[in-house]
Each structure stands twice: as structure tokens, then as C-alpha cells.
Amino acid sequence: MKTVIIRDMNKCFFWLVLGLVFPITSFAANSEMKLSLVLGKEVAIAGDYIPAAVFLQNDTRTNPSSIAYLEIFNEKGDAIVQQIIPLKNSTGEVLLNIPSQLSTGYYLVRGYTKSLLALNPNEVSYQWIAVVNPEKPSSVVSSSQEDNMELSESKKVAVSTPQISKREKLEFSSDLVDVKLVLARKLHRGIKMPSAYAEQTSLPPMEVFRSMDVFGHTLVVEGLNEGEKLYISTLGEDQRLFTVKGNDRKVASIELGNISNIESLVVQSAKGTDSKNFRIQSPFWRHKPSLADWPTLLIPESVVEDFKIDFLQREVNKFFHLPDTLVSGSHFEVFSPEKIYILDEYNRFENLATTIREYVTEVLIRNQNGSRGIKVINKNNGEAFEENPLILIDGVPVFNVDELLKWPARFIQRLEIIDRPYLLNGDVYAGVIQVITIEGNMANFPLPESSLVMSYPSMVDRVRFNSPDYFNSAQKRIPDFRSLLFWQLAGGEEGIGRNHLYASDYMGEYELLVYALDDDGKLSLFRSKFEIIE
């Protein structure tokens, strides 16, 4: 675990250039920006996962946003799943976990970026998914609407054989050049997907343009007085500290970058202002989709047995075939201390005050007006700073020094010291003292009542979809009821690296879908079919 301190440079030069080169009004008028959303499954069991991919297309070849947002809505217009997705080369990928408590029915998936909302909100992408929950079945069961629709196939995509047996290898090929995504999934005949959802939305460009996620995800704080400084710390696997000051509109923006695995935010005012006076803006679009007649999911009796297998597949996937998580790297500068004290290398004393007095030569403890204070000795001149240092526990600023010095040393893994002036977002601190706890969670150190601790959605880690290789004898013993046989997104170092898949034990019709850019640079779908037999 590491703690990162972010210098908020505000990217003034970038915004000046962007404003000169791409004036907002003309950019909005001339841009043909569109986001395409692809789901790995159209029909899913509650509690299962669905891989999803987003493709941001723009005829100007300038995509201001590096972040996309994905949400799933129920019939009341409530968001039940919300994900923040980093984009690389205008492409992103996420694993959507479908809540296990959802009732059987249709749900609406929405994908967008902040730049799309600002420049072309009517191109926000919507798709329906059908969720089946055996414990909360549909109120209507019908066998009168069999789906005999013939799916068009493309001559540009071919499979080696139209029928394969369980766990056999199927090869596929295409003469497409710019392939973006390949997937193979089971066809659920009888489940009709609703008509495409679309709505006309007007949105003032300036409302979103100030936080278009150019350099990563942007957090917006409202109600902060002009000049007032906030400390915002992220708790989780990758802990970071941000500082920001309010402007004349009582709004401040903080670029979180591509930080992931945030468990919570700790927000504190340098003046001790009560956290009720300011608000962290939700990163998601406030607009709710609205549909007068929400469609009802009808489940024909002929597919009930299929869903029993899907339910079995969900349980098997808890132990096998789960995608791998690829931890994203950080482009931020790591807070590098001048001196580190690992307490396991010393005799542990009762509290932090005794530990500092006995071991930490760069720090002095002084009595100040009846209470104790901490000063750092400036290594440049050997004298103690007159000002107070920046003191942190696991990246969270601490202002109650007396309480900190009484804190039991058994909670502390190490002490990190910077014994020189330290510049952070235009403010110079008289050194830095950081306390790293063993668990990395502040070990229940008491925060001031004026602080705000809140959950906040973080960036999702990249995922890699796993497909079994039945040339490997060890994998042959693994149960296999996959309905999604293959999922591979291009854009990595290896592009679309595989041209084959292995069938599961789940018999029925399947479709191979290939998404590629056509001659006009638009994302197009090419399809082929095959069947798994006994």
C-alpha cells in the first residue's frame, strides 16, 4: 500500500489552449461524437456478471474525456449499478455485477462521457438487458411468443463448422481490418428485447465542460467558500491526498486521475468548517431516464430449462471461469519521504510520543500553551521550523496533535518524515510527518466532528476474460456451463490475439459477434452462428 500526494497544477496552460483551439460553442456545433455500448449478455441471471465495452467515436479525433460512466436503471428510474470506467484510446471495459436481489424484468443500461453530455447529449447510449431471478420470477409466464426471428449473418465473419460438440474447439476468421471486439454468446430464443430507448435531451454545455475528465476522473465540491482549503483523502488500496481551494462561485474541482479501489473519502476543512456546509457532487448524470410504459418481461415455458442451467452456471462461476483483475498503474508522483522508521526494527514503546522522543531525531515535541506540539527540524539549517508540519495518518491530515501523541504505538507500522519545506498546491509546509498503520485504515483514530467520511464510487480495475483451453487436461475436470464463450477487446498490446474458442457443456444456438470500424469510421456489427450439440 502506498500514499500519494497530488500537486493540483490546475492544467491552466492546457485549458487555455483548449479554449483557443476548441471554443465550446463551435466545438459542440461541429462535433459528431457518439458512444457505442456493447454488452456481453442481453439476458442474465440475477447475481451474475456481464462484461461491457464502450467505444467513444468522434469525427474531430479529439476526445476530451478519458473517463466513461455506465449505469443500470430499474423501472422507477433509480440507478441500481453505477460504474466509472477509464478509457484508453477512447475504449473502455468493465465487468457489471448484476445485484442478486433484482426481480425478474427488463433493466436499462446507460453509457456516456462528460464530453458527450456537453457536446452531444442525444448520443448517450442506452441498451436493454433482461434479468431473470429464479427466486423472484416474472408475474407473467407465456408460451405464446416464440421468437423465430432469423438473425442476419455476415459473409465477412466465418466459423470453421456450424455445429460442434461439447468442449470442442471452434475456429473463426474474418477479413475485417479494424476489429475492436469479438464475443460469442448463447441465443435465448423466446426472450424479446424491447424497442430501442431514446430521448431528446438539452443540456447547457458549460454545466459539464468545467469537469470533462480530461486527465482522469474529476471530483466536484460545492459550497466551499472562496479561498477556503479542503483536504480530501482517499482510503483504500491506493491512498492519496488532494488539496483544493474554493473559487468565487463556491465550487472547486479536483482531478482524481485514474485512481481505483476507493473505499471512502475523508473530507476536512483547514479552518475546521463543518462538513454540512459543503457537498461532494455525484459524478454521475443527475438526469433519470423516463418511460411511461416500462416493458414487461415474458418468459416462455420453452426456455425455463435454459434458465435453470444459467442459474447453475452462475454458481459454478463463483469458483471457476471468473475474469482476472488487472490493477491499473498510476501516473502520479509518489510521496517520497526523506527518512523511514519501521517500528518492528525497534523496541516498541507505549505511545507515539515516546517513540518520537527515543528514535525520530528529525522531530521535536514541544509544549505550547498547555498542550503539546510537533515541530520538524529543517535539514537545510539544522533548526526547528517555527510553523507546524503537515501531519498525516494513512494519507489523512491530523490536526489534534495531543490525541495523536497519546496514540498506541502497537497500531503503527512505520513513520515517514520529510525534513525540508514541502510544496503542495501552492502552499509550503514546514515538513511532513506521516504515520502508516499496520492495517492501513487509520486504526479507528478519532476524526474531528466537522470532518466528512463518505463512500464514493471509484474507478474499476481492468479485467481480462478467461476462456478455458481443453488441450490442458487439468481444465477438463472443471464443470463448464458458460453461456458467454468468448470475449476479447482489441486495443491492448496483442490486439485480438486468439481466433478460436472452446464450447461449453451448455447446448443450444450461439452467435459470434465481431465489432469493427467500417470505411466511414463507424462501429459496425458482423455476425455468424453456430450450435453446440451433444
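If you're wondering where the values come from, they're calculated on a predicted model, not measured in any experiment.

Definitions and limits used
Residues numbered from 1 in each chain as written. Predicted model: local features only at pLDDT ≥ 70, side-chain atom pairs only at ≥ 80, totals over all residues. Heavy atoms only, no water. Helix = DSSP H or I, 4+ residues; strand = E, 2+ residues; numbered from the N terminus. Buried < 20%, exposed > 50% of the residue type's maximum accessible area, 1.4 Å probe, protein only. Contact = heavy atoms within 4.5 Å. Areas by Shrake-Rupley, 256 points an atom, 1.4 Å probe, with all protein chains shown as cover. Salt bridge = Lys/Arg side-chain N within 4 Å of Asp/Glu carboxyl O. pLDDT = per-residue confidence, 0-100. Pairing = 2+ DSSP bridges. Expected span 1.5 Å × (residues − 1). Arc of directions from axis to C-beta. Phe/Tyr/Trp six-rings, centres within 6.5 Å; stacked < 30°, edge-to-face > 60°.

K.L.:
Lay out the overall build of the protein with the relevant residues and their values.
P.N.:
Looking only at helices and strands, the protein has 7 helices and 35 strands in total. Within the span of the protein, comprising 534 residues, buried residues form 54% of the whole. Looking at the protein alone, contacts between residues at least 24 apart form 74% of all its contacts between residues at least 6 apart. Accessible surface for the protein amounts to roughly 25,300 Å². Of this, 48% is attributable to carbon and sulfur atoms.

K.L.:
Which residues make up unusual backbone geometry, and what values go with them?
P.N.:
Leaving glycine out, the prevailing phi sign among residues is negative, and the prevailing peptide bond configuration is trans. Backbone geometry places Arg167, a non-glycine residue, at a positive phi of 65°. Along the chain, Arg167 turns up in the loop between strand S11 (163–165) and strand S12 (169–174). The backbone of Asn444 sits at a positive phi, close to 60°, despite the residue not being glycine. For Asn444, the location among the structural elements is in the loop between strand S29 (432–437) and strand S30 (452–454). According to the relative accessible area criterion, Asn444 is exposed, its value standing at 78%.

K.L.:
If you had to explain the pattern of salt bridges to someone new, which residues and values would you point to?
P.N.:
A side chain of one charge can pair with a side chain of the opposite charge if their charged atoms are brought near each other. For the structure on display, the rule yields 22 salt bridges. For Lys41, the salt bridge is made with Asp48, and the minimal N-O distance between the two is 2.8 Å. Note on Lys41: relative accessible area 6%, which makes it buried. Asp48 gets classed as buried once you look at its relative accessible area, which sits at 3%. The shortest N-O distance in the salt bridge between Asp344 and Arg348 comes to 2.9 Å. For Asp344, a relative accessible area of 63% puts it in the exposed group. By relative accessible area, Arg348 is classed as partly exposed at 35%.

K.L.:
Give a detailed account of the confidence of the model for the protein, specifying residues and quantitative values.
P.N.:
Taken as a whole, the protein shows an average pLDDT of 81; of its residues, 83% reach a score of 70 or greater. Contacts from residues 6–30, a stretch scored under 50 in pLDDT, to residues over four places away or in other chains number 37 contacts. Scored below 50 in pLDDT, residues 326–334 makes 24 contacts in the model with residues more than four places away or belonging to other chains.

K.L.:
Break down the sheet that holds strand S17 (residues 251–257) for me, citing the residues and quoting the values.
P.N.:
Taken together, 3 strands build an open sheet; the order of strands is S17-S14-S19 and the sheet is antiparallel. Whereas interior strands pair on both sides, the edge strands pair on one side only; in this sheet they are S17 and strand S19 (279–280). Direction of pairing for strand S14 (residues 217–222) relative to S17: antiparallel, over a ladder of 6 bridges. Residue pairing in the sheet places Thr218 in a bridge with Glu255 of S17.

K.L.:
Provide a residue-level description of helix H5 (residues 304–317), including the pertinent values.
P.N.:
For H5, spanning 14 residues, the distance from its first C-alpha to its last is 20 Å, which sits close to the expected 20 Å at 1.5 Å a residue. Of all the positions in H5, only Asp306, Phe307, Asp310, Gln313, Arg314, Val316 and Asn317 are classed as buried. The arc that holds every buried residue of H5, seen down its axis, measures 165°, which confines them to one face. Against the buried residues of H5 lie strand S3 (43–45), strand S4 (49–57), strand S9 (125–132) and strand S13 (179–186).

K.L.:
So what's going on with the packing of aromatic side chains? Which residues, and what values?
P.N.:
Under the defined criterion, the tally for this structure stands at 15 aromatic pairs. For the pair Phe172 and Phe486, a centre-to-centre distance of 5.4 Å together with 70° between the ring planes defines the contact as edge-to-face. Taken together, the residues span a long stretch of sequence, with Phe172 in strand S12 and Phe486 in strand S32 (residues 484–489) at a distance of 314 residues. Look at Phe172 and you get buried, because its relative accessible area is 9%.

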